[in-house]
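These are the residues of each chain, in order.
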Amino acid sequence: MKNRRKGFFAAAALAVLVLAAAAVRAAFTDSVTVTNHISTGDIRISLEEYEEKDGREILYENPKTVLPGDTVSKIPRITCEAEDCWVRVKISYTDNLNGLEGLGDENLGEIPEKWEKIGEYFYYTEILGYGESADLFHWIHIPEDWTEEWAEKKLSMEIRAEAIQAANYTPDFTAMSPWGNEEIQECIHTVDGMEVSVPEKKSLMVEFNGDAHRLLAVPDDFFSNFARAMPGDTLRDTAQIRNTTDSTAEIFFQTSPECLSVSGQDLAEKLGLTISMDGKELYSGNLLAEELNAPISLVTLAPGEEGELEFVISLPAGLDNAYALREADVKWIFSVNEDSPTQTPETNPEDGESGGSGTAREATSVKTGDETNIRLYFLLFLLAGVCGVTTLIRKGGGKK
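Let me begin by describing the structure that accompanies this report.

### Some remarks on the nonpolar core
Counting residues in hydrophobic clusters, the biggest one holds 43 residues, and the most contacted among them are Trp332 and Phe334. For this core, the leading source of residues is strand β21 (residues 327–338), giving five residues. The next biggest cluster of nonpolar side chains, apart from the first, holds 23 residues, and it includes Cys85, Val87, Leu136 and Ile159.

Next up, the structure:
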């Protein structure tokens, strides 16, 4: 009887040790997702003509009959309707004067000092911001010495305005061609009611929170501090990574493409991404690279520690009008692996997911380096039970 008890207690002790080992090996995991949105800007201008009549401006009316010595009110006005830009204008004069002298730049009046004639173009030497306008001239003077030879002749003027982005580009107004050999492309899209605004700066944070005991991310878009991106832009921001729990925790990072269109995916593939943690570069390459689809260890933080994640998005300078007004989305998934066993976070009864408000959540069984095999421990526990039963049976086969 005594030996049988010893066998039973030995089996029970083995089962307890197995369960204790499983508890020590188990690690809490959680993840949080932010969906980042990036969009490109646009260069768009309008050209309208006005005239002064009875002390007020009205739209310019064509055609007009003029006399020698007349001064005709005519105000070509260029307005920036999208991103900041540089502007230039080319004026072409056409007529049927059959060799007689016609109109030229010398007949234009009140040309603002910000315009400079270089080669065939008038260049506006300051950046034209969103909603701002620039008048090219204010009137045309008809020469007094024109006689009946000019009677019933037709005069016309064609004004062509062009714009190029101000971001990452500066013309050389001392050169014969201030814009160099830049190709001016026609717009291939339409825009209605666009507004350009600078977003309010937001602080970015990923926190393994001690009170909620879950991973939190704020805000839900880590690109929210970026305005519309332009070719050649380098967009840079940082996020604080914190551990406010009582246990050491390892934070991981990975991406998941979330492009809703082929054009969005095409744009995302053109964007560069650099990820650094506390000054150490962890990744540099394509925003949609497949190698980012697997977890990358960012940092291991002791209780109360924090680090700084820096990310840089870059747009190639060679992107042309085909990439204007495009949008792309990419998911960034942060996950945590806590070293010591802890209580699983409470589940929201409404959606069955753990997590803070305003953030998308992933399943809490994310693999982030902890390869604990629970089934192995369960089998060991069963084996311990079988050993205990076998011991009892063998002892029971002796004398009573």
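### Regarding the pairing of strand β5 (residues 75–80)
Within β5, six of the six residues are buried, leaving the element largely enclosed by the surrounding structure. Residues of β5 alternate between two faces, with Ile75, Arg77 and Thr79 on one and Pro76, Ile78 and Cys80 on the opposite face, all of them buried. By the bridge criterion, three bridges tie β5 to strand β10 (residues 133–135) in an arrangement that is antiparallel. Within β10, the position partnered with threonine 79 by the bridge is serine 133.

### Notes on the side chain of serine 247
Within the fold, serine 247 resides in the loop between β15 (234–243) and β16 (249–257). The class of serine 247 is buried, set by a relative accessible area of 12%.

### Regarding unusual backbone geometry
The phi angle of most residues is negative, glycine excepted, and most peptide bonds adopt the trans form. For the peptide bond that leads from valine 218 to proline 219, omega is -10 degrees, which places it in the cis range. Take proline 219: it is sitting in the loop between β14 (214–218) and β15. One non-glycine residue, asparagine 168, adopts positive backbone phi at about 60 degrees. Along the polypeptide, asparagine 168 turns up in the loop between β12 (155–165) and β13 (204–209). Not every positive phi belongs to a glycine, and histidine 213 is a case in point at roughly 50 degrees.

### A closer look at the sheet that holds strand β18 (residues 280–286)
Ordered by their spatial adjacency, six strands build an open sheet running β14-β13-β15-β20-β17-β18, and the pairing between neighbours is mixed. In this open sheet, the two edge strands, each paired with only one partner strand, are β14 and β18. Within the sheet, the average angular offset between the axes of one strand and its neighbour, ignoring direction, is 15 degrees. Relative to strand β20 (residues 306–314), strand β17 (residues 272–277) runs antiparallel, the two being bridged by six bridges. When the bridges of β20 are listed, methionine 277 appears paired with leucine 309.

### Concerning the pattern of salt bridges
Enumeration over the complete set of coordinates arrives at 13 salt bridges. Here glutamate 57 and arginine 77 are joined by a salt bridge, their closest N and O atoms 2.9 Å apart. Of the two residues, glutamate 57 is situated in strand β3 (residues 56–59) and arginine 77 in strand β5; the sequence distance between them amounts to 20 residues. Residue arginine 77 is classed as buried on the basis of its relative accessible area of 17%. A salt bridge links arginine 242 to glutamate 306, with the nearest nitrogen and oxygen atoms 3.8 Å apart. A residue pair is termed long-range when its members are at least 10 positions apart, and arginine 242 in strand β15 and glutamate 306 in strand β20 qualify at 64 residues. Judged by relative accessible area, which is 29%, arginine 242 ranks as partly exposed. Three or more residues are tied together by salt bridges with common partners; here these are Glu57, Arg77 and Asp135.

### Focus: the sheet that holds strand β6 (residues 85–95)
On the basis of which strands lie adjacent, the open sheet formed by four strands has the order β8-β9-β6-β12 and antiparallel pairing. Unpaired on one side and paired on the other, β8 (115–118) and β12 mark the two borders of the sheet. Along the sheet, successive strands turn relative to each other by an average axial angle of 25 degrees, direction set aside. Strand direction decides the pairing type here: β8 and strand β9 (residues 121–124), joined by four bridges, are antiparallel. Residue pairing for β9: lysine 117 is matched across the bridge by phenylalanine 122.

### Let's talk about helix α2 (residues 262–270)
For α2, the complete set of buried residues consists of Gly264, Leu267 and Ala268. In a view along the axis of α2, the buried residues occupy a sector of 100 degrees, so they form one face of it. Buried residues in α2 make contact with β18 and β21.

Rules of the game
Residues numbered from 1 in each chain as written. Predicted model: local features only at pLDDT ≥ 70, side-chain atom pairs only at ≥ 80, totals over all residues. Heavy atoms only, no water. Core = buried A, V, L, I, M, F, W, Y, C linked by side-chain atoms within 4.5 Å. Buried < 20%, exposed > 50% of the residue type's maximum accessible area, 1.4 Å probe, protein only. Helix = DSSP H or I, 4+ residues; strand = E, 2+ residues; numbered from the N terminus. Pairing = 2+ DSSP bridges. Axes fitted to C-alpha atoms, helices over the stretch in contact; angles between N-to-C directions. Salt bridge = Lys/Arg side-chain N within 4 Å of Asp/Glu carboxyl O. Arc of directions from axis to C-beta. Contact = heavy atoms within 4.5 Å.

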